Amino acid sequence: MIGGGPAGSAAAIAAQQAGAAVTLYEQSRFPRHKVCGEYLSPEVEPVLRDLGVWDELMVRQPHRLKRLVLHFPRSTKRAGLPEPAWGLSRHALDHLLIGGVHCVVRERAADTPGAVIAAGRRIERQPAGSRQFGFKAHFTGPSTDTIELFFFDGCYVGVNGVEQGRTNVCGLGPEDTLRRAGFQPDGLLASFPPLRDRIAPLSRAMDWLTTGPLIYGQRLDAQARAGVYLAGDALSFVDPYTGSGMLSALLSGVSAGRAAAAGEDPRAHYGRCSGMLRRAYLVSSLFRFAIRTGAADLLLPLVPGRALVSWTRPDRSR
Ligand SMILES: Cc1cc2nc3c(=O)[nH]c(=O)nc-3n(C[C@H](O)[C@H](O)[C@H](O)COP(=O)(O)OP(=O)(O)OC[C@H]3O[C@@H](n4cnc5c(N)ncnc54)[C@H](O)[C@@H]3O)c2cc1C
């Protein structure tokens, strides 16, 4: 197994449960922070229960999230979440998941035949000007039971509580917009009044972390022939504001781990993942276009909040 994020650790645990001896290669020493909104959708609970880590996760006291507010330049949309969700830092989550796995801290070539490849998003050169970058920091101060998403100037910023009373502020934006803010997330946050007001009572508790460029895409068919089991962002990177990335990573990781343990043809794994992820990927691509063109401000207030959430979740009935 290559990569110890949610996908790689889920794959390793699932393969171990199926009786396989597993070695996982992870290039970073955990615990470590990671650029992520740290929003765990409620659907992760049964997956993490099956992996035997749910009770330990509860010990970390994840923050309960019950409401959703979407802020656009000309409108605001409020909705109750269909079911309460969770805010837990990647510092805590990834460390917990990798804890039950035999891990070697080393970079490993991500093209080993027969391996589960869960090495995260594709990293590729992209032409300057069209790139998107992500950023994140934890803040102290009053926390709420609401996840707030702010959409402005082609950027998205999410604000939600995590454990220990902290608030995670995580976003992404096109490099032109970030350049205008001097590549300083603080300047970017201050440029959109509803976001500036939301952050005002909070104090930043760590340096900003950045990542990118972000590359969206799916590799459901292309890799089927290569004799490896791709999982998580290495397989399909959906837009972060959907809050479905970690759920997709866990589900595709479990599928990959079981398939690798059984020596199953990788095409069966890709078929399962394609059924689960195709709709979420398509819907989030449409939303991305609407956000980039400004149409989201007009269209999204018309879409029921519950539909927005469910359409971007992996389809587990497939
Ligand atoms: C700005 C932003 C906000 C987001 N917000 C959310 C959110 O709120 N909720 C949500 O569910 N999802 C969110 N996501 C998506 C989520 O972060 C990813 O979907 C998730 O991290 C995917 O997990 P993974 O295990 O596939 O990859 P990763 O978490 O990226 O893990 C890959 C691991 O592989 C290791 N690695 C890479 N190459 C090698 C190698 N060659 N050898 C050894 N180790 C290697 C890396 O060090 C890393 O630890 C967000 C993403 C971004 C960019």
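What you see as residue numbers is a count from 1 along each chain, following the sequence as written. Local features in a predicted model are, by the rule used here, given only for residues with pLDDT of at least 70; side-chain atom pairs are given and counted only at 80 or more, and totals for whole chains, interfaces and linings are based on all residues. Side-chain numbers come from the whole structure's heavy atoms, not from hydrogens or water.

Trainee: Just give me the short version of the overall build of the chain, but keep the residues and values in it.
Mentor: Working definition: helices are DSSP H or I runs of at least four residues, strands are E runs of at least two. Numbering for both runs from the N terminus. For the chain, the count of helices and strands is eleven helices and 15 strands. For 318 residues, the compact-globule estimate of 2.2 N^0.38 gives 20 Å, and the C-alpha radius of gyration of the chain, at 19 Å, lies within 12% of that figure. Structurally, the chain occupies a C-alpha span of about 55 × 40 × 35 Å along its principal axes. Looking at the chain as a whole, 54% of its 318 residues qualify as buried. Any pair of residues with heavy atoms lying within 4.5 Å of one another is described as a contacting pair. Counted over contacts in the chain with a minimum sequence separation of 6, partners at least 24 positions apart contribute 77%. What sets the accessible areas is the Shrake-Rupley method with a 1.4 Å probe; for residues, cover comes only from the shown protein chains. Carbon and sulfur atoms make up 51% of the accessible area of the chain, which totals about 14100 Å². Radius of gyration: over C-alpha atoms. The globule rule applied is 2.2 Å multiplied by the number of residues raised to the 0.38 power. Each residue is placed in one exposure class: buried if its accessible area under a 1.4 Å probe, protein chains only, is under 20% of its type's maximum, exposed if it is over 50%, and partly exposed if it falls in between.

Trainee: Describe the site of the ligand, with residues and values.
Mentor: The ligand sits among 36 residues. The nearest are E26, G37, R90, D233 and M246. Whenever a nitrogen or oxygen atom comes within 3.5 Å of another N or O atom, the pair is scored as a polar contact, on the condition that within protein one atom can donate a hydrogen and the other can accept it, and that pairs from neighbouring residues in sequence are kept only if both atoms are in side chains. Taking K34, its side chain carries an N or O atom lying 3.0 Å from an oxygen atom of the ligand. Protein contacts shield 93% of the accessible area of the ligand, which totals 1000 Å² for the unbound molecule. Sorting the residues of the shell around the ligand by element identifies α1 (6–17), β1 (24–26), β10 (167–174) and α8 (245–262) as the ones contributing at least two each. In terms of residues, the shell around the ligand owes the most to one element, α8, which gives three residues. Across the shell around the ligand, the residue classes tally to 15 nonpolar, twelve polar and nine charged. Here a residue is near a molecule or strand as soon as one of its heavy atoms is found within 4 Å of it. Lys, Arg, Asp and Glu make up the charged group, whereas Ala, Val, Leu, Ile, Met, Phe, Trp, Tyr, Cys and Pro make up the nonpolar group; the residues left over, Gly among them, are polar.

Trainee: Before we move on, can you summarise the side chain of E26 with the specific residues and values?
Mentor: Here E26 shows up in strand β1. His is not counted, nor are the chain ends, whereas Lys and Arg count as positive and Asp and Glu as negative. Salt bridge, as applied in this entry: a Lys or Arg side-chain nitrogen positioned within 4 Å of an Asp or Glu carboxyl oxygen. R32 is the oppositely charged side chain nearest to the buried, salt-bridge-free E26, at an N-O distance of 5.2 Å.

Trainee: Account for a nonpolar patch on the surface, naming residues and giving values.
Mentor: Patches in this entry comprise residues that are over 30% relatively accessible and not in a salt bridge; like charges within 9 Å are linked, as are nonpolar side chains (Val, Leu, Ile, Met, Phe, Trp, Tyr) within 5 Å. Taken together, L298, L299 and L302 make up a surface patch of nonpolar side chains, about 350 Å² in accessible area. Residue placement: L302 occurs in the loop between α10 (296–299) and α11 (305–311).

Trainee: Summarise the packing of aromatic side chains; cite the residues concerned and give the values.
Mentor: Here the aromatic set is Phe, Tyr and Trp, taking the six-membered ring for Trp, and pairing holds for ring centres within 6.5 Å; pairs whose planes are under 30 degrees apart are stacked, those over 60 apart are edge-to-face, and all others are tilted. For the coordinates displayed, the defined rule picks out seven aromatic pairs. When the centroid spacing of 5.1 Å and the interplanar angle of 15 degrees are considered together, the rings of F72 and F151 count as stacked. In this pair, F72 sits in the loop between β3 (63–71) and β4 (76–87) while F151 sits in strand β8 (residues 146–152), placing the two residues 79 residues apart along the sequence. Residue classification places F151 among the buried positions, given a relative accessible area of 5%. An aromatic cluster is defined as three or more aromatic residues linked by ring pairs; in this entry it consists of F72, F151 and Y156. The ring of Y25 is capped by R108, whose NZ or CZ atom sits 4.7 Å from the centre of that ring. By the criterion adopted, a ring carries a charge over it if an Arg CZ or a Lys NZ lies within 6 Å of its centre and within 35 degrees of its normal. One cation-aromatic arrangement involves R121 over F237; the distance from NZ or CZ to the ring centre is 5.5 Å.

Trainee: Which residues make up the packing of α1 against α8, and what values go with them?
Mentor: Packing of α1 against α8 leaves a shortest axis separation of 7 Å and a crossing angle of 35 degrees. As for the relative orientation of α1 and α8, their crossing is right-handed in sense. Each of P6, A7, A10, A11, A14 and A15 in α1 lies in contact with α8, whose residues at this interface are M246, A249, L250, G253, V254, G257, R258 and A261. Split into classes, the residues belonging to the contact of α1 with α8 amount to eleven nonpolar, two polar and one charged. For helices, the axis comes from a line fit to the C-alpha atoms of the stretch in contact; other axes are also lines fit to C-alpha atoms, and the angle between any two N-to-C directions lies between 0 and 180 degrees. Here a crossing is taken to be left-handed if its near helix is turned anticlockwise relative to the far helix by less than a right angle, and right-handed if that turn runs clockwise.

Trainee: Give me the lowdown on the environment of R60, citing residues and values where you can.
Mentor: Here R60 shows up in the loop between α3 (54–59) and β3. With a relative accessible area of 32%, R60 lands in the partly exposed category. Residues R60 and Q164, 104 residues apart in the sequence, show an inter-C-alpha distance of 8.7 Å. Engagement of the side chain of R60 in a polar contact is seen with the backbone oxygen of E56, the distance being 3.0 Å.

Trainee: An account of the packing of α8 against helix α9 (residues 266–293) is requested, with residue identities and associated values reported.
Mentor: As a packed pair, α8 and α9 sit with axes 10 Å apart at the nearest point and diverge in direction by 165 degrees. In terms of axis orientation, α8 runs roughly antiparallel to α9. Like other packed secondary-structure pairs, α8 and α9 cross with a definite hand, here right-handed. Seen from α8, the contacting residues are S248, L251, S252, S255, A256 and A259; seen from α9, they are H269, R272, C273, M276 and L277. Among the residues making up the contact of α8 with α9, the classes are represented as six nonpolar, four polar and one charged. When an angle is under 35 degrees it counts as roughly parallel; over 145 it counts as roughly antiparallel; between 65 and 115 it counts as roughly perpendicular; any other value is oblique.

Trainee: Can you explain the pairing of β4? Please cite residues and give values.
Mentor: Two strands qualify as a pair provided DSSP detects at least 2 bridges between them. In terms of strand pairing, strand β2 (residues 39–40) meets β4 through two bridges, oriented antiparallel. Of the residues in β4, the one forming a bridge with L40 is W86. Where β3 meets β4, eight bridges bridge the pair, whose relative direction is antiparallel. Across the sheet, H63 pairs through a bridge with G87, a residue of β4. Remark: four residues form the turn of the hairpin made by β3 and β4, two consecutive strands paired antiparallel.

Read these as geometric descriptors, not functional statements.
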